[in-house]
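# Tertiary structure, described
The residues making up each chain are set out below.
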Amino acid sequence: MRRLISRYSILLVFCVLAGCNDFLEETSQSEVRPSTVEELYQVMLGEAYPRMTSLNGDIIMPYLELLTDNMQSNDVVSGNEAVLNLVEKFRPIFSWKKEMYEECALVSGMGTWDLYYSRICGCNVVLDYLDRVSGDTERKCDMRGQVLVLRGWWYLQLVNLYGLPYNEGDPAKNPGVPLKLSMEVTGELLPRNSVAEVYGQIEKDLLEGTALLKKYGTETSAWKMSYLAGMSLLSRMYLYMENWDKAIVYADSVLEVRSGLCDFSRFDDVENAVSGNIDGTYSGVYNSSVSNEIIWMYGNSNENTLYISMTYGSRDPALYAISDELVDCFEKLNNPGNDPKVDAGDLRRCYEIVSGYYYDNQMVKHYYPYWVTKQGRANGIYSFSCSAKGLRTAELYLNRAEAYIQKYRKEGDVGFRERALADLNTLRESRFDTRHVDYVPVERRADIDVSTADRLYDFCLLERRRELMFEDHRWFDLRRTGMPRLEHKVGSPATTYVLEVASPHYVLPIPEAVMKDNARLEQNKY
């Protein structure tokens, strides 16, 4: 897929912003630098985009779901040293511990902060070199658009990990993350910019990059940034900022061009999914051979290694697994006899939550994360032709529905309610088993109450949880929707950890190694 071009080693540079030593420190005169736009293009693929190589691929936030209510810790066999060691390996993250980075082996070395800034560094290098290399001007404009949208995406992730949500307190005063916007080395240690300043830069990058890609973009691969990806990120960003009108405008702009959704009931392997047979041939929303809703995708088979490593034994449950609460929120309809040939209800439960183990053909509630199947594989069958995460049309329907509901809550216009329901029903109809029975719209379901704006809002958030689970949305959604109380239990006998409402632990700690390298950084309060 994307290959690293070590030959063009302008990126033999190290971040000053905490984690790395000298952000974009000059290299020796003997190092080869790109002189043409095509050489710089290879640098962009290797250093600005998430890397997609089997040995050195980036694993983007592999621990994020462990922080949420989408995961639980299962009972373990006491006395089994290997098992207990695995439990302890993940406890620091699962318990929201301040020292999670220092104590969890999974996040040692190139952690999230360093990884993200290294890619931002790559974006800055490409932006600064575009005027220095020879080549087609339109090609340069296309590349500038791609890296601006990429930089906006990297910063949107960073500020939502290490800063308070935009809608919490005063974003102009709340500390965000340092903004480094050029490859120039000054030796200056950068302080944290405010959340508002970071969002302002994200908005600027996304707007400029999207405009360039709309005019000059030529990439057709789902692995590359496009103007549709830029508008999708703008819709997400404005949703986080609670700018409902703009969230709707940019969702509209995407869905006017690409509105398709995968019809799960038409997948060739629907019968296997419903009956619980695992043969490694699952379809999925990030399998480009069957999916029509991918806008941009990233990730590879390494994305799920954290979760796969949590399993032990060929007949035992995963140590940390999809929570019973999440599993139970999926619906079954009109099927008292549990006969899959009549109605399997919400097929996301079948496609996207695959049981790790079976006993007497009965599915037990110990699950692998669902994106094992989304990547086009089940039970460790790997495929590099599919992705794990990204941007897709389903999110745009959900963004727009939530924004309409918020306008309905504020203004009372039933037209906004009807538009929100239309979006939710469009998405859900593509996910439900309609082979034998017709889809029933939300507002006609006796078991679903959307009679008030608040109840419709709660239902929309639940639908968002079901649809986007394990795509790095849940933690961010919990943060921006009130930072509710969460509870995790781990160990035998179990220890209970509580994340209280609006807990400061909803903002991740900056790694101590980063703090030591930059005395101007302010640590998050705990």
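Criteria and cut-off values
Residues numbered from 1 in each chain as written. Predicted model: local features only at pLDDT ≥ 70, side-chain atom pairs only at ≥ 80, totals over all residues. Heavy atoms only, no water. Helix = DSSP H or I, 4+ residues; strand = E, 2+ residues; numbered from the N terminus. Contact = heavy atoms within 4.5 Å. Areas by Shrake-Rupley, 256 points an atom, 1.4 Å probe, with all protein chains shown as cover. Salt bridge = Lys/Arg side-chain N within 4 Å of Asp/Glu carboxyl O. Buried < 20%, exposed > 50% of the residue type's maximum accessible area, 1.4 Å probe, protein only. Core = buried A, V, L, I, M, F, W, Y, C linked by side-chain atoms within 4.5 Å. Expected span 1.5 Å × (residues − 1). Polar contact = N/O pair within 3.5 Å; in protein donor to acceptor, adjacent residues only side chain to side chain. Phe/Tyr/Trp six-rings, centres within 6.5 Å; stacked < 30°, edge-to-face > 60°. Lys NZ or Arg CZ within 6 Å of the ring centre and 35° of its normal. Axes fitted to C-alpha atoms, helices over the stretch in contact; angles between N-to-C directions. Left-handed = near helix turned anticlockwise from the far one by under 90°. Nonpolar A, V, L, I, M, F, W, Y, C, P; charged D, E, K, R; others polar. Pairing = 2+ DSSP bridges. Parallel < 35°, antiparallel > 145°, perpendicular 65-115°, else oblique.

## Focus on the overall build of the chain
The helix and strand tally for the chain stands at 18 helices and eight strands. Summarising the internal contacts of the chain: among those between residues at least 6 apart in sequence, 72% fall at separations of at least 24. Surface summary for the chain: the accessible area is close to 20,500 Å², and the carbon and sulfur share equals 47%.

## Thoughts on unusual backbone geometry
Its identity as a non-glycine residue notwithstanding, Trp96 has a phi of 60 degrees, on the positive side. The residue Trp96 is located in the loop between helix 2 (81-94) and helix 3 (100-103) in this model. At Met483, a position not held by glycine, the phi torsion is positive, near 50 degrees. Residue placement: Met483 occurs in the loop between helix 17 (474-480) and strand 7 (486-490).

## Re the pattern of salt bridges
In this structure the tally under the stated criterion is 38 salt bridges. Residue Glu331 is joined to Arg428 by a salt bridge in which the shortest nitrogen-to-oxygen separation is 3.0 Å. Taken together, the positions of Glu331 in the loop between helix 11 (324-328) and helix 12 (348-351) and Arg428 in helix 15 (residues 414-431) put the pair 97 residues apart, joining distant regions of the chain. For the pair Glu331 and Arg428, a shared accessibility class is recorded, and that class is buried. Among the ionic pairs, Lys407 bridges to Glu411, the shortest N-O distance being 3.4 Å. A residue pair is termed a helical-turn pair when its members lie 3 or 4 positions apart in one helix, as Lys407 and Glu411 do in helix 14 (residues 393-411) at four residues. One network of salt bridges, with partners in common, ties together Glu331, Arg428, Arg445, Asp447, Glu463 and Arg466.

## Some points on the nonpolar core
Core analysis: the biggest nonpolar cluster contains 135 residues, and Tyr162 and Met225 have the highest contact counts within it. Beyond its immediate stretch of four places on either side in the chain, Met225 contacts Tyr49, Gln146, Val149, Leu150, Trp153, Leu213, Leu233 and Trp296. Listed in part, the nine residues of the second largest apolar core include Cys262, Phe264, Ile294 and Met297.

## Structural notes on helix 5 (residues 137-162)
Here helix 5 spans 37 Å end to end across 26 residues, near enough to the 38 Å set by a 1.5 Å rise per residue. Most of helix 5 is tucked away: 23 of the 26 residues are buried. Where helix 5 starts, the residue carrying a side-chain oxygen 3.1 Å from the main-chain nitrogen of Glu138 turns out to be Asp136.

## Quick word on the packing of aromatic side chains
Enumeration according to the criterion identifies 14 aromatic pairs in this entry. Among the aromatic residues, those joined into a ring-pair cluster are Tyr116, Trp153, Trp154, Trp296 and Tyr298. One Lys or Arg, Arg139, reaches over the ring of Tyr41 and ends 4.2 Å from the middle of that ring. Here the basic side chain of Arg409 rests over the ring of Tyr457, its NZ or CZ set 4.4 Å away from the ring centre.

## With respect to the packing of helix 7 (residues 227-240) against helix 14
In contact at an axis separation of 10 Å, helix 7 and helix 14 are set at 35 degrees when each is read in the N-to-C sense. The two elements helix 7 and helix 14 cross, and the hand of that crossing is left-handed. When helix 7 is examined against helix 14, the residues Ser232, Ser235, Arg236 and Leu239 are found in contact with a partner set consisting of Glu395, Leu396, Asn399, Glu402 and Ala403. Class assignment of the residues belonging to the contact of helix 7 with helix 14 gives a composition of three nonpolar, three polar and three charged.

## Here's the deal with the pairing of strand 2 (residues 294-298)
Taken across its five residues, strand 2 has five buried, putting it largely inside the fold. Where strand 2 meets strand 6 (residues 389-392), four bridges bridge the pair, whose relative direction is antiparallel. What sits directly across from Ile294, in strand 6, is Arg392.

## Quick word on helix 7
Each α-helix winds once per 3.6 residues, and so residues spaced three or four apart point in a common direction. Under the 1.5 Å per step criterion, the end-to-end length of helix 7 is 20 Å for 14 residues, consistent within 8% with the ideal 20 Å. With respect to burial, helix 7 is a largely interior element, 13 of its 14 residues being buried. Looking one or two residues past helix 7, Glu242 carries a phi angle of roughly 60 degrees, positive in sign.

## Overview of the environment of Gly482
Tracing the backbone shows Gly482 in the loop between helix 17 and strand 7. Look at Gly482 and you get partly exposed, because its relative accessible area is 45%. Between the alpha carbons of Gly482 and Asn167 there is a distance of 9.3 Å; along the sequence they are 315 residues apart. For Gly482, the residues in contact, after removing those within four places along its chain, are Val501 and Ala502.

## Considering the packing of helix 7 against helix 8 (residues 244-255)
Helix-helix packing is described using two parameters, namely the angle between the two axes and the distance between the axes. Their axes nearest at 8 Å, the elements helix 7 and helix 8 cross at an angle of 160 degrees. By the angle between their axes, helix 7 is roughly antiparallel relative to helix 8. Judged by the twist between their axes, the crossing of helix 7 over helix 8 is left-handed. Side by side, helix 7 and helix 8 meet where Leu228, Met231, Ser232, Leu234, Ser235, Tyr238 and Leu239 of the first sit next to Trp244, Lys246, Ala247, Tyr250, Ala251, Ser253 and Val254 of the second. Taken together, the residues that form the contact of helix 7 with helix 8 break down as 10 nonpolar, three polar and one charged.

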